[in-house]
Structure formats: structure tokens, C-alpha cells
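# Notes for the structure review
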Amino acid sequence: KTSFATRLEKLLIADGSPALRIETLSGTHPHGLLMASLLRVMAIFAALALLGSAAMANYLVGTWMRREVRQMGIMKALGARTGQIIVQYLLVLLPALALAVVLAVPLGDVFANALVTANIESLNIDVLNWRVPASLRLQEIALAFFLPLLAMFLPLARAARLTVRQAIHDPGITSSSSLMTTILVRYLKLPLSVRNSYALRNVVRRPWRTIVITVALGCGGALLMTTNSMIGGLMQVIDRNLESQ
């Protein structure tokens, strides 16, 4: 573009009618960077949602399976093999996962279409193709099955290494062995609220889980404020351009 403008300027000078001013404009939208930044923020929101749902599935399935180690020991004492135990738990977990995927995929499409529609109205853009690629859909379904199954197989692998006696005497979910944590969990309570007292004790009992949740919520809030500021800035830029025109 710059070389073409230079050649054009030389031709005009040679013709005896030089231009007062020649500008070369880039072939990008003037608000392209703001829109790209907003799309990146939306992608980060999607990643946070994926990590949050994966952590929730991991906690639920992992907690359930840690409580099943003793039952696995009893089944092994009765003659069950490790493969038979794995098949038994798969028959319990796979139908629940299939039902969750059947419910989650249409709901995810509804919420995603609502979000895209809101951005279409605020950014004045057009969507040429609303269809979700088949490869992306398969990746989402594979992740929905893979993460809970991974959370199930880790306790199963641990139980398979234990002897029958160790598995039967396994305590399952144990509290922290720290003296300070034990004292706080025993005596920490809120007046007139048993439920909130138990919730506060769980925060102390599992500090790493609390830290992860707090950091995730903080990042989500920061991204939400950033998105709000970005949309406000985009609208101000558009308004100023219209006023100047």
C-alpha cells in the first residue's frame, strides 16, 4: 500500500498536479483490537468455566471413590477381582455421565447462543455460521467423560495396590493432622447457626480447596470488571467518532 501511494504521488507530480496529502490506511477495522480483546476475555471465561466444572467433578467423584476403598477391600476378600470391581463402578458412573452430557449440551447451546446474541447487538457484528464444529463437540463430550473417569480410576488404582486387610481398615476421607487445624475444627463455631459453623470448619479443614475456589472467583470477578470496562471504552470510542463526524 505504501509503495502504491508513492508511485501515485510521483505520477501526480510528473503530471503537474501534486496532491496536497496522501495517506495509506491499514486494511483492518478501527475497533478490531478492542473486539479481539473482548473475544480473548470470553475465551478466558470459557476456560475458567471448564476448570471450575472439572474441579467440581473431580471433588465429587474423588470423594465418593475414597469412601469406597473399604467396600473394595470387602469385595476382594469375597473373591472379586480388580477388573470385576472396575466394571461394577463403571456401570454406576457411565449412565450418570451420559445423562449429564445429554442435559448439559442443549443447555450449553442455549446459553452460548444468548451470549453471542448479546455481543452481536453490542458490537454490531454478523455471525456467518452458527453451527458448532463436529470436532469441537466431540472434544467437549470426551472431556466430560474423561475427567470424572480419571477421578474414579485414581482411587481405584490406589485400592488395587492395597492388601485386603489394608483396604478394609482404610479410613477413607481423613482430616488434617495439624494440631492447630484440629483445635480450630473442634472449637470453631458461630452462635445460633450450626450450618454456618460446619461450613466454616470445612474451610479450615481443607485450606487448599478454599484457596483454589477463592483464586478462581477472584480471577472471574477481575475478568468481569475488565470486560465491562472494555465494552464501556468501545462505546465511548464509537460515540466520539460519531460526534467528530
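Residue positions are given per chain, counting from 1 as you read along its sequence in written order. The predicted nature of this model means local features are confined to residues of pLDDT at least 70 and side-chain atom pairs, given and counted, to a pLDDT of 80 or more, with totals for whole chains, interfaces and linings taken over all residues. Just so you know, side-chain values use all the structure's heavy atoms and leave hydrogens and water out.

### Points about the overall build of the protein
- Each helix is a run of DSSP H or I of at least 4 residues and each strand a run of E of at least 2, with the numbering of both proceeding from the N terminus. Assigned secondary structure in the protein consists of nine helices and zero strands.
- Secondary structure elements of the protein occur, N-terminal to C-terminal, as α-α-α-α-α-α-α-α-α.
- Whether two residues touch is decided by their heavy atoms; if any such pair falls within 4.5 Å, the residues are in contact. Intrachain contacts of the protein at a sequence separation of at least 6 include 71% that bridge at least 24 residues.
- A total accessible area of about 18,100 Å² is found for the protein, and carbon and sulfur atoms account for 67% of it. Areas reported as accessible are Shrake-Rupley estimates using a 1.4 Å probe. Residue values count occlusion only from the protein chains shown.

### Section: the packing of aromatic side chains
- Here a Phe, Tyr or Trp ring, Trp counted by its six-membered ring, pairs with any other such ring whose centre lies within 6.5 Å, and the pair is stacked when the planes are under 30 degrees apart, edge-to-face when over 60, and tilted otherwise. Under the counting rule described, the total for this entry stands at one aromatic pair.
- Judged by centre distance (5.8 Å) and plane angle (65 degrees), the ring pair of Trp64 and Tyr89 falls under edge-to-face. Placement of Trp64 in helix 2 (residues 32–66) and of Tyr89 in helix 4 (residues 82–123) is noted, with a sequence separation of 25 residues between them.
- Think of it in three bands: with a 1.4 Å probe and only protein chains considered, a residue is buried below 20% of the maximum accessible area for its type, exposed above 50%, and partly exposed in between. The exposure class of Trp64 is partly exposed, given its relative accessible area of 27%.
- Judged by its relative accessible area of 4%, Tyr89 falls in the buried class.

### A word on the nonpolar core
- Among the nonpolar cores identified, the biggest contains 17 residues, and Met65, Met72, Ile85, Tyr89, Leu149, Met152 and Leu156 are the most heavily contacted of them.
- When residues no more than four places from it in sequence are discounted, the contact partners of Met72 are Met65, Ile85, Tyr89, Leu156 and Ala159. Nonpolar cores are built from buried Ala, Val, Leu, Ile, Met, Phe, Trp, Tyr and Cys residues. Side-chain atoms within 4.5 Å join them into one set.

### Comments concerning the packing of helix 2 against helix 5 (residues 134–161)
- Interaxial angle, 0 to 180 degrees, is taken between N-to-C directions of lines fitted to C-alpha atoms, where a helix line uses only the stretch in contact. At a minimum axis distance of 8 Å, the contact between helix 2 and helix 5 shows a crossing angle of 35 degrees. Crossing of helix 2 against helix 5: the hand is right-handed. Listed contacts from helix 5 to Leu50, Ala54, Ala57, Asn58, Val61, Gly62, Met65 and Arg66 of helix 2 are Leu143, Leu147, Pro148, Ala151, Met152, Pro155 and Leu156. Helix crossings get a hand from a simple test, with the near helix turned counterclockwise from the far one by less than a right angle marking a left-handed crossing and a clockwise turn marking a right-handed one.

### Here we look at the confidence of the model for the protein
- Mean pLDDT over the protein works out to 77, with 86% of the residues at or above the 70 mark.
- By mean pLDDT, helix 7 (residues 179–187) is the weakest element of the protein at 58, and helix 4 is the strongest at 85. pLDDT gives the predictor's per-residue confidence on a scale running from 0 to 100.

### Observations regarding the environment of Leu94
- Position of Leu94 relative to the elements: it lies in helix 4.
- For Leu94, a relative accessible area of 34% gives the class partly exposed.
- Each C-alpha atom of the pair Leu94 and Phe145 lies 8.1 Å from the other, and the pair is 51 residues apart in sequence.
- With residues up to four places along the chain from it excluded, the contact list for Leu94 reads Phe145 and Leu149.

### Points about the pattern of salt bridges
- Salt bridges, as used here, are contacts in which a Lys or Arg side-chain nitrogen is within 4 Å of a carboxyl oxygen on Asp or Glu. Under the criterion given, the structure shown has two salt bridges.
- Among the ionic pairs, Arg137 bridges to Asp109, the shortest N-O distance being 3.2 Å. Placement of the pair is Arg137 in helix 5 and Asp109 in helix 4, with a sequence separation of 28 residues.
- Relative accessible area serves as the criterion here: at 22%, Arg137 is assigned to the partly exposed category.
- Across the pair Arg137 and Glu140 runs a salt bridge, and its minimum N-O distance is 3.8 Å.

### Description of the packing of helix 3 (residues 69–77) against helix 5
- Two elements in contact, helix 3 and helix 5, have axes separated by 10 Å at closest approach and are oriented at 45 degrees. Between helix 3 and helix 5, the angle falls in the class oblique. Two packed elements cross with a definite hand, and for helix 3 against helix 5 that hand is right-handed. Contacts between helix 3 and helix 5 pair Val69, Met72 and Lys76 from the former with Leu156, Arg158, Ala159 and Ala160 from the latter. Angle categories: roughly parallel below 35 degrees, roughly antiparallel above 145, roughly perpendicular from 65 to 115, and oblique for all the rest.

### What to know about the environment of Arg70
- Note on placement: Arg70 falls in helix 3.
- Note: C-alpha distance between Arg70 and Ala167 (97 residues apart in sequence) is 5.2 Å.
- Polar side-chain contacts of Arg70 include one of 3.0 Å to the backbone oxygen of Ile168. Any N or O atom pair separated by 3.5 Å or less is treated as a polar contact, with the protein-specific requirement of one donor-capable and one acceptor-capable atom, and with residues adjacent in sequence counted only for side-chain atom pairs.

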